[in-house]
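Geometric and topological summary
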Amino acid sequence: MESRGRANRYRLADSLRLEARGGEVHLTWLDPSSGRMQQAPADKDDLLGLKIVTEQLNLKRLAETHDLPVSRFYRLLSWLDRKGVLKAPATLLRRDPELFGHDLRDDLFTLAHFGLQWHITNACDLHCRHCYDRSQRSPMTEAQAIGALDQFQSFCHEHWVAGHIDFTGGNPFLYPGFFELYQEAVNRGIDVDILGNPVSREQLEKLCSIQPPGQFQVSLEGRKSCNDRIRGEGSFDRAMEFLDLLKQYNIPSAVMLTLHKENLREVLPLVRELEGRTDAFNFTRLSQVGEGAALMQIAPGEYKAILEEYLAYAESSPIAAYKENLINLIRWERGEQTTTGCTGSGCGIAFDGIVLLPDGEVHGCRKVPSRMGNLWEETLEEIYFSPASAALRRGMKACDGCPIRPICGGCIAASTLSPTGYADTVDPCCWRWWSSSNPSLK
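Scope of this entry: the structure provided in the associated data block. (Residues numbered from 1 in each chain as written. Predicted model: local features only at pLDDT ≥ 70, side-chain atom pairs only at ≥ 80, totals over all residues. Heavy atoms only, no water.)

Turning next to helix H11 (residues 267–274). For the α-helix, the turn length of 3.6 residues means that residues three or four positions removed from each other point alike. Most of H11 is tucked away: six of the eight residues are buried. Considered for burial, the residues of H11 that qualify are Val267, Leu268, Pro269, Leu270, Val271 and Leu274. Contacts from the buried residues of H11 go to helix H10 (235–248), strand E10 (253–259), strand E11 (281–285) and helix H12 (300–314). In the stretch just after H11, Gly276 is the one whose phi turns positive, near 90°. (Buried < 20%, exposed > 50% of the residue type's maximum accessible area, 1.4 Å probe, protein only. Helix = DSSP H or I, 4+ residues; strand = E, 2+ residues; numbered from the N terminus. Contact = heavy atoms within 4.5 Å.)

Below is the structure:
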């Protein structure tokens, strides 16, 4: 894992050509997404980005001069890199080439964005049957919360990545200082989403008075009877009513489902019921930790069949998304175009972001014990580049040599922890591994 040195800076893209015409600056450049040359007059964002790069302006001083959050300028540079006008510094936070290969495409295996999934409280108004942590963790103080924001922002700026925060819990709205913390993040120009439970109209209006979140995600575990059996009586109706409320406020919504033996036949019926009510649907598999240990994981062959049904339906669904890593195994076996996996970079554990708990513990994935350090005792820089973090990023040895490892890597969260660590675990649903290790299953 590389860290980006302080001397690295954005530069003009190699294809960029500038021409003065009638008092305007005209740009010609190669669009990396289409591979086509583009021509257009430079807009104000283009001009500002060009000025920052050519004059090597100090972003912190620039932000102070204009009384703007410094993140505003990092997001601008990141956008111009994706557009093709600028080129990001060469040494992004990157996958280990010894494990993932030396010819990885930068857009898939280096980071332009870095996330903080912030569990600001464990307090929750639901008690789901698959809940992985009902512990009473020490509450976070206001000073610790501001310090965490400072550290996160500093890390993102040091490594030239655009930061985003998912506020979650428990129920983040049950944290006494939630709105003040949300305001602090918005003031710094950080992109914010909410992963939580339905809230009242009054709470949603208060949130929007600060800034509407980029997305508000809620969870459902199937249709009404199945969901309420898992998440609690009345939770289905409250979630559906809340999705309608989000539409009224023009807030993009998403629904997440935790998949296990009990609700595997609920996925497609739920997707059909949600169409027109939400903008996106996704699912992840059960993690058999905490109270989830009482539920059953899905057998490999059965899981493959479920994914095939889901893929067939998703082709015409406006909301069914492809977060699950093993979807790529089906696509690869069919010779079809693969996706970028669970987080946009295969398994993102300890790589494309961190999980911060109320007591300062930093984990690679919230669904499993994956402690990297404690932010109240160490810096984020120390935690991210620690041996514990590197061991998580190493992933499962069972995936070594798999042709789609970089965009899959199985799911550590769905695995049962080996006494010798996650490197020795196996994805319990990967039919390719289980059939190759157990020929009788073929």
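With that out of the way, let us pick up the sheet that holds strand E2 (residues 17–21). The strands making up a sheet are joined through hydrogen bonds of the backbone, oriented either antiparallel or parallel. One open sheet holds the three strands; their spatial order is E2-E3-E4, and the pairing between them is antiparallel. Sheet topology places E2 and strand E4 (36–41) at the edges, where each strand pairs with a single neighbour. Each strand of the sheet is rotated relative to its neighbour by a mean of 20°, with strand direction disregarded. Pairing geometry for strand E3 (residues 24–31) and E4, over six bridges, is antiparallel. (Pairing = 2+ DSSP bridges. Axes fitted to C-alpha atoms, helices over the stretch in contact; angles between N-to-C directions.)

So, on to the state of the cysteines. All chains considered together, the criterion is met by zero disulfides. Looking at Cys131, it has no disulfide partner, and the nearest cysteine sulfur is the one in Cys128, 6.7 Å off. You can call Cys131 buried: its relative accessible area is 18%. The thiol sulfur of Cys347 is not disulfide-bonded, and the nearest other cysteine sulfur, from Cys411, lies at 6.5 Å. (Disulfide = S-S within 2.5 Å.)

To continue, consider the nonpolar core. Counting 97 residues, the largest nonpolar core has Trp118, Ile165, Phe167, Phe178, Phe281 and Tyr310 as its most contacted members. Excluding its chain neighbours within four sequence positions, the residues that come into contact with Trp118 are Met140, Ala145, Ala148, Leu149, Ile165, Asp166, Phe167, Thr168, Leu181 and Leu356. With 23 residues, the next largest nonpolar core counts Ile52, Val85, Leu86 and Trp160 among its residues. (Core = buried A, V, L, I, M, F, W, Y, C linked by side-chain atoms within 4.5 Å.)

It is worth spelling out unusual backbone geometry at this point. Of the consecutive residues Gly169 and Gly170, the connecting peptide bond is found in the cis state with omega at 25°. Among the structural elements, Gly170 can be located in the loop between strand E7 (162–168) and helix H7 (178–187). Positive phi outside glycine occurs at Gln56, with the angle close to 50°. Its place among the elements puts Gln56 in the loop between helix H1 (44–54) and helix H2 (59–66). For Asp67, which is not a glycine, the phi torsion comes out positive at approximately 55°.

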